[in-house]
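Given next are the chains, with one letter for each unit.
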Amino acid sequence: MSLTIRPYADGDRSAVVALWRAANLVVPWNDPESDIALCRSKPATAALLVGELEGRVVASVMVGQDGHRGWLYYLATDPDCRGRGFGRAMVAAAEGWLVAQGMPKVQLLVRETNTAVQGFYERLGYARSPVTMMQKWLRNSA
Ligand SMILES: CC(C)(COP(=O)(O)OP(=O)(O)OC[C@H]1O[C@@H](n2cnc3c(N)ncnc32)[C@H](O)[C@@H]1OP(=O)(O)O)[C@@H](O)C(=O)NCCC(=O)NCCS
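The sections below set out a description of the structure shown in this document. These numbers were taken from a predicted model, which means no experiment stands behind them. (Residues numbered from 1 in each chain as written. Predicted model: local features only at pLDDT ≥ 70, side-chain atom pairs only at ≥ 80, totals over all residues. Heavy atoms only, no water.)

### Digging into the site of the ligand
This is how it is decided: For each residue, the test is whether any non-hydrogen atom lies within 4 Å of the molecule or strand; if one does, the residue is near. Secondary structure elements follow DSSP: runs of H or I of four or more residues count as helices, runs of E of two or more count as strands, with numbering from the N terminus. Any residue outside Ala, Val, Leu, Ile, Met, Phe, Trp, Tyr, Cys, Pro, Asp, Glu, Lys and Arg is labelled polar, Gly included; the first ten of those are nonpolar and the last four are charged.
Surrounding the ligand, one finds 20 residues, the nearest of these being Leu-75, Arg-88, Asn-114, Ala-116 and Arg-123. Element by element, the count of residues in the shell around the ligand is highest for helix α4 (residues 116-123), at six residues. In terms of residue class, the shell around the ligand is made up of 10 nonpolar, six polar and four charged.

Here you go:
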């Protein structure tokens with residue numbers, strides 16, 4: 001059975017949060033439910049896509065654009081479903097969304113501790129960017 005990629009729907013919340021936890025994407029300073037709500041409140045510039053297999057959410061990617069570049073977040077596949085092309089398919093869907101938005105480039109952040117995923121992105125044609133990211137919270141951080 002093949003993966004069906006579709007926009008996140010109301011009933012997906014617990015499955016998506018469980019997927020993110022299983023993929024070690026949830027950190028103390030990012031509340032997943034708030035991140036989902038924020039993404040869904042900006043439908044013109046952001047989307048959360050899920051991959052469904054036999055009625056079960058097994059993959060996700062959050063995609064957005066800031067008026068200049070496209071960004072990917074929360075890419076995950078269920079640990080039991082890896083190596084089947086689902087990650088590649090989710091990235092392709094997100095890239096398609098960005099192309100439709102007129103974005104010329106896609107970027108993403110990889111935590112320094114997440115060395116395993118770098119080979120995956122390189123396989124999909126991504127390269128390390130020689131930049132230093134700087135950041136500042138605009139609300140009280142956790
Ligand atoms: C990264 C992740 C989404 C990959 O999902 P996946 O469904 O196993 O990936 P795919 O099966 O689509 O793999 C696509 C290609 O990448 C390769 N690949 C997958 N993981 C790889 C790795 N760690 N290193 C090198 N290549 C890798 C596959 O062999 C495949 O190659 P091919 O299509 O040329 O045969 C999954 O491992 C995951 O959820 N990781 C935890 C969450 C995470 O780190 N997300 C990214 C945060 S920045």
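So, next bit.
### Quick notes on the pairing of strand β2 (residues 46-53)
Strand residues, when the strand is regular, have side chains that alternate between the two faces of the sheet. Our working rule: Only protein chains enter the calculation, and the probe is 1.4 Å; a residue is then buried if its accessible area is under 20% of its type maximum, exposed if over 50%, and partly exposed in between. At least two DSSP bridges between two strands are required for those strands to pair.
For β2, the tally of buried residues reaches seven of eight residues, placing the bulk of the element in the interior. Note: strand β1 (residues 4-7) against β2, four bridges, orientation antiparallel. Looking across to β2, one finds that Arg-6 is bridged to Val-50. Here β2 runs beside strand β3 (residues 56-65); their pairing, made up of eight bridges, is antiparallel. Among the inter-strand pairings, Glu-52 is bridged to a residue of β3, identified as Val-57.

### Describing the sheet that holds β1
Formally: Lines fitted to the C-alpha atoms define the axes, with helices restricted to the stretch that makes contact. Angles between their N-to-C directions range from 0 to 180 degrees. We call two residues contacting when some pair of their heavy atoms lies within 4.5 Å.
The sheet built from five strands is open, its strands ordered β1-β2-β3-β4-β5 with mixed pairing. Both edges of this open sheet fall to β1 and β5 (106-108), since each of them pairs with a single strand only. Between one strand axis and the next, the sheet turns by 30° as a mean value, whatever way the strands run. Here helix α1 (residues 13-22) sits on the sheet in contact with β2, β3 and β4 (70-77), set at roughly 85° to β3. Lying over the sheet, helix α2 (residues 32-40) contacts β2, β3 and β4, oriented at roughly 115° with respect to β2.

### Remarks on the packing of aromatic side chains
Heads up, the condition is: For this analysis, a ring pair means two rings from Phe, Tyr or Trp (six-membered ring only for Trp) whose centres lie within 6.5 Å, classed as stacked if their planes differ by under 30 degrees, edge-to-face if by over 60, and tilted for the remaining angles.
Considering all chains together, one arrives at four aromatic pairs under this definition. Ring centres of Trp-71 and Tyr-73 lie 6.4 Å apart, and the angle between their planes is 20°; this geometry places the pair in the stacked category. With a relative accessible area of 39%, Tyr-73 lands in the partly exposed category. Note on Tyr-121 and Tyr-126: the rings are 5.6 Å apart at their centroids and 55° apart in plane angle, and the pair reads as tilted.

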